[in-house]
Structures are given as C-alpha cells and as structure tokens.
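Chain by chain, the residues:
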Amino acid sequence: MSDEKLSNLLHEERTFEPPAALAASANVTADVYDRAAADPQEFWAEAARRLDWGTPFTEVLDWSNPPFAKWFADGKLNVAHNCVDRHVEAGHGDRVAFHFVGEPGDTRTITYADLKDEVCQAANALTELGVKSGDRVAIYMPMIPETIVAMLACARLGAPHTVVFGGFSSDALASRVTDCGAEVVITSDGGYRRGAPSALKPAVDEALQKADGVRSVLVVRRTGEEVAWTEGRDVWWHDVVGSASTEHKAEMFDAEHPLYVMYTSGTTGKPKGILHTSAGYLTQVAYTFWATFDHKEDDVFWCTADVGWVTGHSYAAYGPTAAGATQVLYEGTPDSPHKGRWWEIIAEYGVTIFYTAPTAIRTFMKWGREIPDEHDLSSLRVLGSVGESINPEAYTWYREVIGGDRTPIVDTWWQTETGAHMITPLPGVTAGKPGSAMVAFPGIAAEVVDDQGEPVGNGEGGFLVITKPWPAMLRTIWGDDDRYVDTYWSRFKSQGYYFAGDGAKKDEDGHIWLLGRVDDVMNVSGHRLSTTEIESALVSHPKVAEAAVVGASDPTTGQAPCAFVILRENAGDGGDDIVEELRKHVAKEIGAIAKPRQVMIVPELPKTRSGKIMRRLLRDVAENREVGDVTTLADSSIMDMISKGMTGTKE
Ligand code: ATP
Ligand code: MG
C-alpha cells in the first residue's frame, strides 16, 4: 500500500433512493449537475440573480489574483434587505420567520414584518452608537431572536460582525475582540442553560479589561439577573433599540463588502478569523439552502446549531432568511427540562426539515429510542447532518427512529472556510449511502488526490481538495493574507487547489466519504489509517454510543490506535470483557491493522462548541503528556475528568 494514500477499510452496502414523491416535486432535478458542470460560472450567476440587487453585476468571477477571489464584483446589494425587507415587499410580511422557544418554555412568534421592524430599529440604534460601514461589532449572545436581529442589523449597516460562542470564556472573547478590532459588543445579561440562568455579561466585563478599543456594550435583558454596569459604555437594548424608529433605508454595498469574521473552533490550534464577504456568500447559502433541503414555502426548518458556529450563520441567520423560510429557534440544551425536548418541539411546530450534528444523534442513541418514540415526528420530510462524518450506525438510527424510515438524509460536508455546502446528496436526486457525503454540489469542483495532487482512483483514499473557486469561499484570514495563502493554498500550490485539511476516499462508484482530518491520520506499521473508519466500527457495536480514536506513538508500529469510548446507557459498565470485546469487534469489522492497542471507557469526550471531538487533547492523554490548550472546549472540566479517570486504566 502506498504511503501517500489513506487506507480504505470500511465497506457499506446499504443505499437509500430518494422517495418518489419528493423526487417528483423536488426543487432541483438530475439535470442540474450537467448544467452546472457545463458552465459553473453561469450556474452561479443564475443563482445570484435570485437575489435583489441595487446594481446588477455584469462580471461573475475575477480570479486574476489567486487565491484572492472576487465574485459579482461590480454589483451592489444589501444582505439584510435580501433576508428581510424583500419578503415583506413581496407581500409575505405575515409569514413567520421564527418560532422562538426559550429554554424555560417562553415562546415568541416573529413574522417577517416584525423582523424587518426590529432589524431597522437595531440598525438605527447602532448608528446612534456610532457604528458605520466597515466597523466591527462583536456579538456574544445566547440563542435568542435578538442575536439574529443583531447580525442582520450589522449586515444592513455593512458593519462586519464576529459572533463569539456564548459558551466561550472571557479570554476567548477578548482575543477575538482584539484580533478583529471590534468597537461595539452586543451581549445579554445571560441566557438559560440546563434549567438555570447562565450569565454572559460578567465575561464581557472581564474581557474588556484585557481588550481595548470597545466603546459601547449593548445589553439585551434576557434573564433579569443583576448585572454590573459601566456608565457611559453600557446601554440596554430595550432602551436604545426599543425606542428607535422602525424605518431604516438600507444602503447598497459592493458585492465584496466584508460581511463577517468567524473564528474557527480551533480544533487544530490558534483560531483563525475567516473572512466572508457579501454577495457570493449570500448566493451560495441561499441556493444551497433551497436545493439541499428542498425547501418549500410551507416548510418549517430547524437547524439546531448555535450561531456561534458557522452553521448557525449560514443555515439559520442568512440562508433560510434569504429564502423567506419559517424556522424554529431554540435557546437551550436538548435535555432541558427532559431528554425529549427536541422531539417535543418538532411535534409542536410541525418541523419538516431538521438539521443537526452527528454528535447529537449519537447522544440520543445513547439515551435510547424510547424517548423520541414518544413523540409524533411524522411532519419530518428531510433530515440533515453536519460537523463530522456521520457513522453508518448513527445514520441508520437517525433515518429510522427520527425519520420513520421515510426521510432522506443529506450529509453535508463543508467548513467555516467554504461558507456553504460543498459535498452533499440532493434529497430528490441523489441516493444516500450511510456515512457518505456522496457528491460535490452542482457548480462545485471537489476531488480526492494523492500526495502529488493526482486524482485517486475509485476505491482509494487521499486528500480532499477543491479545484476551482466558489462563491461562498473565504476571502482571507482577517489581517493575515500570508497565513491564508499558507494554510489553504500551499499544499497543492502548483495545481492551485484549495486544500481542506480533510482526508477522503472515493468508493467503487466514485462517491465521496470523509475520513477525518489529515492531522489525525495514524501511521500504523506504514499504513495510513483514518480516525473516522475506526470510530465508525466502534460505534457499530451495540454497547457503544460514541468513540474517539487517536494515534499514539508506539515502539513497534510507529503509531497505534487508542480508543476512547462512551457506552450506551443500557449497556451499563459494559461487562468485564468490554475492552477485549471492542478490540475484537474492530478487527472483525475492518481488519486487524486497525485493532486499538488500548480502549478506555470514559463518561464524556472533549468537544468543541460544534460537537467536534478535540483529538489533539486525547492524544496528549494517550501519550501521557500534559493536556494542551482547552480554551475552545464547550466544557473545559471534561479533560480533568478524562485524565483522572485514565490513571490506572492503561495497559
Ligand atoms: P478548526 O479548523 O479550527 O480546527 P473546525 O474545522 O472544527 O475548526 P468547522 O469549520 O466548523 O471548524 O468544521 C469543518 C470541518 O468539520 C471539516 O473540515 C470536516 O473535518 C468536518 N466536517 C463538517 N461536516 C462534515 C461532514 N458532513 N462529514 C465529515 N466531516 C465533516
Ligand atoms: Mg477546520
């Protein structure tokens, strides 16, 4: 086996064809692929023309200075106008934009007319606070309607926002505020998490002792808890937004005007400020939302992602609103006040399209199917997955238990950097295979290549690259063009390919399977093994809910797979032989080479806010090193728990 290629271990035979009724009325049909391939630029231009332009564009792509792309550069539009005003102008003011559900059970219904009023008020209030086009605004909020309003108000003013996940510490907030030079912070007193108010404002106060340059802090009252107040700097949202005019004229901005900076979760090191601009981004998020989810006017869409993650930007704040969709917005955790909360919300609002992450699905598998089985989920017609490869076992569970075996699953591969869906089935066109993201989205050029940049054959693994620019691509890393070129464009420089950092394989039919980050690839006796396939093999064992596999240095094999495993609730402690049982299971499922050297049963795994496992931290544990930077963990106490739990359990 060649050293430059990733091994292809896991074999999956199941295929699910698109449901006939869905296929018959799908927004896009099979011809879309050929049409887009024949002229990708014209394909995206057509998608861009679905938006409202102040000044229509005449040129599509300017790639004269790679890797710095310009899309639709001589056109002008306003992003917020496209997400809000134009739906009201088209007579859809009464349509619900958001069904908001607070964790304590309070609800709000926000129509597009309401949204327009609030976005205009917030834009006027921000203008009063001195925010102008080009100024940066940091947003540090729970999942409440004001968060989306704040983002859209910034977009309306041409003031790029940077949303910082509400679960991050004051340090993480301070470094992001500093890196992008934010002058205003929008926050709230707090939000509700696991049945109790959880404060946010104190972290802002702390962050601003370390970060200079912020002159105003706009505070939404959500919990009503006491907050410290800095006179002259802090203002209440209800005072300044509540009293502002509901009229605001949206200025048209250049297509390439910066829209936002999103810091990647940092699974791999120092966070990078990914810059997205206006028209190309909006074009691709709006079009992929419509096509990938087959969105229709009467659908109710729910994306469970926090807005502190790119998924909440592209598929809650911008894509669905650009399409005039009705959405659910939920503030809390899936287990508050009970483990059926999500399914209750789906039944209550008749959610038809549901988009979540494999980590959540595996958590529900762990809790058991009795919980979702108690709720009427028959309104669902399309299910989506994002964030990591969905293990075949989790996929079939999702499809059967949540989707009643009728719903197609769209496994969408994309990144903060790509801005929008890149590889995914289309629910009315492409068959689904459990665990595969299938094919590049129409108009997107993805390839799996070897070390030399040559496409691998079917049945082989390698590096995932994007070979042509796309509208929602990142434009740079904020303030660091060199790092942008270096990080994404230097690996396959002579070919001019964007290197995503992920490994992938093509199966016998040429369909794409994501194999995890290449940084996580293990070299076991000269074989390059991906984490994903070994983890999926573990998850296919009936006692296993979640698994993380890392390569730890090994005197005989170079590296050896070490597995961290969470058991399903009904498996108890797994029994005396659990470790041997799981090692054998992996050997049987995918081969002896992948058999873990160690299996450690753990109560939790270290995860980022988007539910991704931080394998570098587990590698530290597996190699008995001190655990590295944990600032981007959703819950930083977990590493202590794992490290302590580890003592004595090693072989
Ligand atoms: P950082 O780059 O700072 O480490 P991150 O990569 O975790 O952060 P995101 O941009 O949210 O931040 O995640 C994108 C990555 O998530 C992809 O590169 C890929 O590894 C993984 N991913 C996302 N969706 C899928 C999917 N459907 N299948 C497989 N992997 C996926
Ligand atoms: Mg990444």
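As a reminder, the structure under discussion sits directly above these lines.
Below you will find a few notes about this structure. Small disclaimer: the values here were computed from a predicted structure and weren't measured.

### Some details on the overall build of the protein chain
Within the protein chain one finds 20 helices and 30 strands. In terms of C-alpha radius of gyration, the protein chain reaches 24 Å, essentially the compact-globule figure of 26 Å for 651 residues. Considering only C-alpha atoms, the protein chain reaches an extent of 70 × 60 × 50 Å along its principal axes. Looking at the 651 residues of the protein chain, the share that counts as buried comes to 63%. In the protein chain, the proportion of contacts linking residues at least 24 apart, taken out of those at least 6 apart, comes to 71%. Here the protein chain holds 61 positive side-chain charges and 94 negative ones, and the gap between their average locations is 2 Å.

### Details of the pairing of strand β11 (residues 216–220)
A large share of β11 lies buried, amounting to 5 of its 5 residues. Along β11, one buried face is formed by S216, L218 and V220 and the opposite face, lined by V217 and V219, is buried too. Across 5 bridges, the pairing between strand β8 (residues 182–188) and β11 is parallel. Residue pairing in the sheet places V185 in a bridge with V217 of β11. Examined bridge by bridge, β11 and strand β12 (residues 234–236) share 3 bridges and lie parallel to one another. From the neighbouring strand, V219 faces β12, where its bridge partner is W236.

### What about the packing of aromatic side chains?
The full count for this structure, using the stated rule, is 43 aromatic pairs. Taking the centre distance of 5.6 Å and the plane angle of 55 degrees together, the rings of W71 and F72 count as tilted. Of the residues examined, W71 reaches a relative accessible area of 1% and is grouped as buried. A relative accessible area of 0% places F72 in the buried class. Seen in terms of ring centroids, F301 and Y355 are 6.5 Å apart; in terms of plane orientation they differ by 40 degrees. Their pairing is tilted. With F301 in strand β16 (residues 300–303) and Y355 in strand β18 (residues 353–356), the pair connects residues that are 54 residues apart, well separated along the chain. In this structure F301 comes out as buried when scored by relative accessible area, which is 0%. Clustering of aromatic rings is evident, with ring pairs tying together W63, F68, W470, Y484, Y488, W489 and Y498. Cation over ring: R221 sits above W236, and NZ or CZ is 4.6 Å from the ring centre.

### Some remarks on the pattern of salt bridges
As enumerated under the stated definition, the model contains 44 salt bridges in all. Ionic pairing is found between R399 and D405, a salt bridge with its closest N-O pair at 3.2 Å. Across the pair K607 and E546 runs a salt bridge whose closest N-O atoms are separated by 2.6 Å. Here E546 lies in strand β28 (residues 544–554) and K607 lies in the loop between β30 (598–601) and α19 (615–622), a separation of 61 residues in the sequence. Each member of the pair, K607 as well as E546, carries the same accessibility label: buried.

### A short note on helix α7 (residues 170–180)
Residues S170, A172, L173, A174, R176, V177 and C180 constitute the buried set of α7. Elements that come into contact with the buried residues of α7 comprise β6 (136–140), β7 (161–163), β8, α8 (201–210) and β14 (258–263). Downstream of α7 by a residue or two, G181 has a phi angle that is positive, lying close to 65 degrees.

### Examining the sheet that holds strand β25 (residues 512–517)
Strand order in the open sheet formed by 4 strands is β21-β22-β24-β25, and the pairing between neighbours is antiparallel. Only two strands of the sheet have a single partner each, and these edge strands are β21 (446–449) and β25. Sheet twist, expressed as the average angle between the axes of neighbouring strands with direction ignored, equals 45 degrees. Relative to strand β24 (residues 498–506), strand β22 (residues 461–466) runs antiparallel, the two being bridged by 5 bridges. Looking across to β24, one finds that F463 is bridged to G503.

### As for the environment of E589
Examined against the element boundaries, E589 turns out to sit in helix α18 (residues 578–590). Taking relative accessible area as the criterion, E589 reaches 35% and is therefore assigned partly exposed. In the structure, E589 is positioned 567 residues away from L22 in sequence and 34 Å away in space, judged by C-alpha atoms. Once residues lying within four places of it in the same chain are set aside, the contact partners of E589 are A537 and S540.

### Looking at the sheet that holds strand β17 (residues 326–330)
The 7 strands lie next to each other as β5-β4-β17-β16-β18-β19-β20, forming an open sheet whose pairing is mixed. Edge positions in the sheet fall to β5 (107–111) and β20 (409–411), since each has one partner strand and no second. Adjacent strand axes in the sheet meet at a mean angle of 20 degrees, parallel and antiparallel pairs treated alike. Bridge count for strand β19 (residues 382–385) against β20 is 3 bridges, and the pairing is parallel. Bridge pairing links S385 to D411 in β20.

Thresholds, definitions, all that
- Sequence order sets the numbering: in each chain, residues are counted from 1 along the sequence as written.
- Labels are handed out in written order, letters beginning with A for the chains and numbers beginning with 1 for the ligands.
- Under the rules for a predicted model, residues below a pLDDT of 70 receive no local features and side-chain atom pairs below 80 are neither given nor counted, while totals for whole chains, interfaces and linings still include all residues.
- With hydrogens and water set aside, each side-chain value is computed from the structure's full complement of heavy atoms.
- Numbered from the N terminus, helices here are DSSP runs of H or I no shorter than four residues, and strands are runs of E no shorter than two.
- Put simply, the radius of gyration uses C-alpha atoms, and a globule should come to 2.2 Å times the residue count raised to 0.38.
- Only protein chains enter the accessibility calculation, which uses a 1.4 Å probe; a residue whose area is less than 20% of its type maximum is buried, one above 50% is exposed, and one in between is partly exposed.
- We call two residues in contact whenever any of their non-hydrogen atoms come within 4.5 Å of each other.
- His is not counted, nor are the chain ends, whereas Lys and Arg count as positive and Asp and Glu as negative.
- Charge positions are represented by NZ for Lys, CZ for Arg, CG for Asp and CD for Glu.
- DSSP calls a pair of strands paired once it identifies at least 2 bridges connecting them.
- The rule is short: rings of Phe, Tyr and Trp, with Trp giving its six-membered ring, pair when the centres are within 6.5 Å, and they are stacked under 30 degrees, edge-to-face over 60, tilted in between.
- Lysine and arginine charges are scored as sitting over a ring when NZ or CZ, respectively, is within 6 Å of the ring centre and within 35 degrees of the ring normal.
- Counted as salt bridges are all cases of a side-chain nitrogen of Lys or Arg within 4 Å of a carboxyl oxygen of Asp or Glu.
- Axis lines are fitted to C-alpha atoms, over the contacting stretch for helices. Their N-to-C directions set the angle, which ranges from 0 to 180 degrees.

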